[in-house]
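Structure assessment
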Amino acid sequence: MHETAAALSKTRSEIIKLRKAMVDKALELATKISELESQIAPADAREFLVARCNLSRSEIAFYGKVTRRLAPYTDVLRNNGVSYDMIRSLASARESVRGRALASIASGARFDLSDFRVLRKRIADDAMSAREISVSMRKRMMHAFAKRHAKTVIAEFETGATDLMHEIAGLNPSTVDGSPSSSAASIADKAQKLMPKFEAAFGSSHARHGDAEWRSLKPAAREVATTHRALGNLASAAEGSPRSQKIRSHMLSTLATGPLGTLARFTGNDHFMSGILPPPRQPLTKLPTKRLRTLELCAGAGGMAIGLEAAGFEHVALIEFDKNAAATMRRNRPNWPVVEKDLTTIDFTQYAGQIDLVCGGLPCQPYSEEGEGKGHADERDLLLEGARAVREIQPKAFLFENVRGALFAKHSDQIARFLKELNEAGYDVQIVEVNTQDYGIAQNRPRILFIGLRTRDRRHFEMPSRFPERRANVGETLYDLMSANGWSEAKNWAEYCRTATFELDDGAVVQGAQAFTLLGRKGKARKLEALRWKRSGLDPSGVPDAAPTDELARRNGPDFVPGLTIRMRAVLQNFPTEFEFVGGKESVAKQIGNAVAPRMAQAFGLALYSALEHVEFDIEAMLWPEDVRRKRPIIDPPPLEPSVALREEVEA
């Protein structure tokens, strides 16, 4: 008995403690939101909270009420163990109700939600005259009666509709030959009797398909109107008019648009639908013939462009200011419309109405964790220029890539302005965290994507699947290139990279070494960064001219770790094997490091194509058409450096 009492006492203490913690957190969150709104414009703060903090607008409004209405009473709320639900009720109540409720709570008397409801009703009654109270009671009685009646009518309609569907489903084609029959008469009779019940529940006046009013109807209203018309048609099925003959033939329709399909869909009778719906379409494994049009900002060497091209997009313009990166795109895709200009000087209204997707890897250096992180103070920041392009072009969708550092608190004002401009341009914006390693690329490269679509297309957008089972490692990916110059330890190196285990941020343990985000640096890596790379079997310092040799390994001693040549970097960034780069070594390394991995871009391109064109893809089959799972790729290493003629051209 003593143990039970002790357990109950302990539980009571823990529950009181937890309830107090919930109140503390709610009040703390309200304070944080208030502080943010005092630092930047409230509208910008709301856009940031919705897009980045996953708060709904109703939550933000609630916490605003908590700050304005309950801030002076935080100690009272905390000390008396008020529940979170009570805080919601107090924040939403009228001042007269809230004041008396807080006085009761402060007195230490027991006061819960039921007491709050009684108090609210008593105050409301006190404020009304006897006549007003009588009128209010009659209104409540009428509303309750109408609600019960509507429930009864809908139940009667559902029963009659089920009976009607059974009769339509049991029709024999030989009895419905276009002339009136006993079957048609029975169906018409049931439909005529069912119509008043339908109209009593859902109304008798509905727009018709093709009317101007139809276009403004919400989906539910359209379904009601369609069902009303189907019942009206069935009610006239026994007549001798040409229209009735057509209705009788339509009864046997196996399409979901027939009357049986309409009624079954409206009443939720799925077992009727199974016999009339066509089999579900298989996801596509090849692109449709239609190409969507895209304009890319800061296209770089073309990593995103390669992926979007493979996802069914046609490039209208690829804007890139760096001459070597622009030349790289022209070298590999002579037909691409490369525009070598500063995008801040471009009037994008010339593309208005012609583009399905605006995309790009807007400069990440202002927000990089590796750099100074100056944000909007960095002259290279082009976030708002990206928003301007979207506003002037008005595409169906946009896709912008950047680094995770853009979401750090110190950049919240700039991100809020960016999101506000995109929202005001008419887009629902989603911020997505991605990593190239989830798409079979041997590089742990976290990034964020800003994805925006019109509301009508947003509901069709689904994030492409991630493929952790296709996790690649640098050993299998780079073995051919690492062994190209006869390095005798290449096989042992590849085996280590294949079998080494690593613990991820979420505590999961995975097998296989991966590179980290590729950078176009010249000097040595910082100490901690070098140790992290060494654990993965690689040295990120510099850019060696050739694959390792035994002589190079001997000179560096037993702790030798190979570096990454230009071609190795390109392979790790998922560029095609035959892709050639223009420029000196430093320029090419920068082009590769700044690029978006093509396969990841293809995955999101397919997801956007699917949302815009309402088709479904087997994305895995599209990304790996020949299914090379767990097979070491066979790579013929092309030249490791640009041609002599090209080097002379660049140096000149």
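This is a predicted model, so every value here is computed, not measured.

**Some points on helix 15 (residues 323-332)**
Listed as buried for helix 15 are Asn324, Ala325, Ala326, Thr328, Met329 and Asn332. If you check the start of helix 15, you find a side-chain oxygen 3.1 Å away from the backbone N of asparagine 324, and it comes from aspartate 322.

**Let's talk about the packing of helix 3 (residues 57-70) against helix 5 (residues 84-92)**
Packing of helix 3 against helix 5 leaves a shortest axis separation of 9 Å and a crossing angle of 75 degrees. Overall, the two elements helix 3 and helix 5 adopt an arrangement that is roughly perpendicular. Where helix 3 approaches helix 5, its residues Phe62, Tyr63, Lys65, Val66, Arg69 and Leu70 are matched on the opposing element by Tyr84, Ile87, Arg88, Leu90, Ala91 and Ser92.

**What about the packing of aromatic side chains?**
Scanning all chains against the criterion turns up 22 aromatic pairs. Between phenylalanine 202 and phenylalanine 266, the aromatic rings sit 5.2 Å apart at their centres with planes inclined by 75 degrees, giving edge-to-face as the arrangement. Pair noted here: phenylalanine 202 is in helix 9 (residues 182-202) and phenylalanine 266 is in helix 12 (residues 259-267), with a separation of 64 residues, a long-range link. Taking 5.6 Å as the distance between ring centres and 65 degrees as the angle between the ring planes, the aromatic pair formed by tyrosine 609 and phenylalanine 617 counts as edge-to-face. Residue phenylalanine 617 is classed as buried on the basis of its relative accessible area of 8%. Of note, arginine 454 hangs over the ring of tyrosine 427, and the distance from its end group to the ring centre comes to 4.1 Å. A cation over a ring is seen here: arginine 470 above tryptophan 624, with NZ or CZ 4.1 Å from the ring centre.

**Re the nonpolar core**
Across soluble globular proteins, you tend to see nonpolar side chains buried next to one another. Ranked by internal contacts, the top residues of the largest apolar core, which has 66 residues, are Leu90, Leu295, Leu297, Phe348, Phe398, Phe400 and Phe450. Take this core: its biggest share by element is six residues, from helix 1 (residues 2-39). In this view, phenylalanine 348 contacts Leu295, Leu297, Ile319, Leu343, Arg388, Ala389, Glu392 and Ile393; residues no more than four positions away in its chain are not counted. Ala305, Trp493, Phe502 and Leu564 belong to the second-largest nonpolar core, a separate cluster that totals 46 residues.

**A look at unusual backbone geometry**
One non-glycine residue with positive phi stands out, namely cysteine 298, at about 50 degrees. Of note, cysteine 298 is situated in the loop between strand 1 (292-297) and helix 14 (303-310). Taking the relative accessible area as the measure of exposure, cysteine 298 reaches 17% and is therefore buried. At asparagine 574, a position not held by glycine, the phi torsion is positive, near 75 degrees.

**Quick look at the side chain of threonine 227**
Within the secondary structure layout, threonine 227 lies in helix 10 (residues 219-235). Residue contacts for threonine 227: discarding those within four places in its chain leaves Phe198, Thr262, Leu263 and Phe266.

**Here's the deal with the pairing of strand 8 (residues 446-453)**
Within strand 8, eight of the eight residues are buried, which leaves it mostly tucked inside the rest of the structure. By the alternation rule, side chains of strand 8 split into Pro446, Ile448, Phe450 and Gly452 and Arg447, Leu449, Ile451 and Leu453, which are all buried. The pairing of strand 5 (residues 397-402) with strand 8 spans six bridges and is antiparallel. Bridge pairing in strand 8 links asparagine 402 to isoleucine 448. Bridge analysis of strand 6 (residues 428-435) against strand 8 gives eight bridges, and the strand direction is antiparallel. Residue pairing across strands places isoleucine 431 opposite phenylalanine 450, the latter belonging to strand 8.

**Observations concerning the pairing of strand 2 (residues 313-319)**
Regular strands have side chains that alternate between both faces of the sheet. Along strand 2, six of the seven residues are buried, which leaves the element largely enclosed by surrounding structure. With five bridges connecting them, strand 1 and strand 2 associate as parallel partners. Opposite threonine 294, over in strand 2, you have histidine 315 as the bridge partner. Note on the crossover from strand 1 through helix 14 to strand 2: the handedness is right-handed. Considered for its hand, the β-α-β crossover made up of strand 2, helix 15 and strand 3 (residues 338-339) is right-handed.

Rules used in this analysis
Residues numbered from 1 in each chain as written. Predicted model: local features only at pLDDT ≥ 70, side-chain atom pairs only at ≥ 80, totals over all residues. Heavy atoms only, no water. Buried < 20%, exposed > 50% of the residue type's maximum accessible area, 1.4 Å probe, protein only. Helix = DSSP H or I, 4+ residues; strand = E, 2+ residues; numbered from the N terminus. Polar contact = N/O pair within 3.5 Å; in protein donor to acceptor, adjacent residues only side chain to side chain. Axes fitted to C-alpha atoms, helices over the stretch in contact; angles between N-to-C directions. Parallel < 35°, antiparallel > 145°, perpendicular 65-115°, else oblique. Contact = heavy atoms within 4.5 Å. Phe/Tyr/Trp six-rings, centres within 6.5 Å; stacked < 30°, edge-to-face > 60°. Lys NZ or Arg CZ within 6 Å of the ring centre and 35° of its normal. Core = buried A, V, L, I, M, F, W, Y, C linked by side-chain atoms within 4.5 Å. Pairing = 2+ DSSP bridges. Right-handed = clockwise from strand over helix to strand, strands pointing away.

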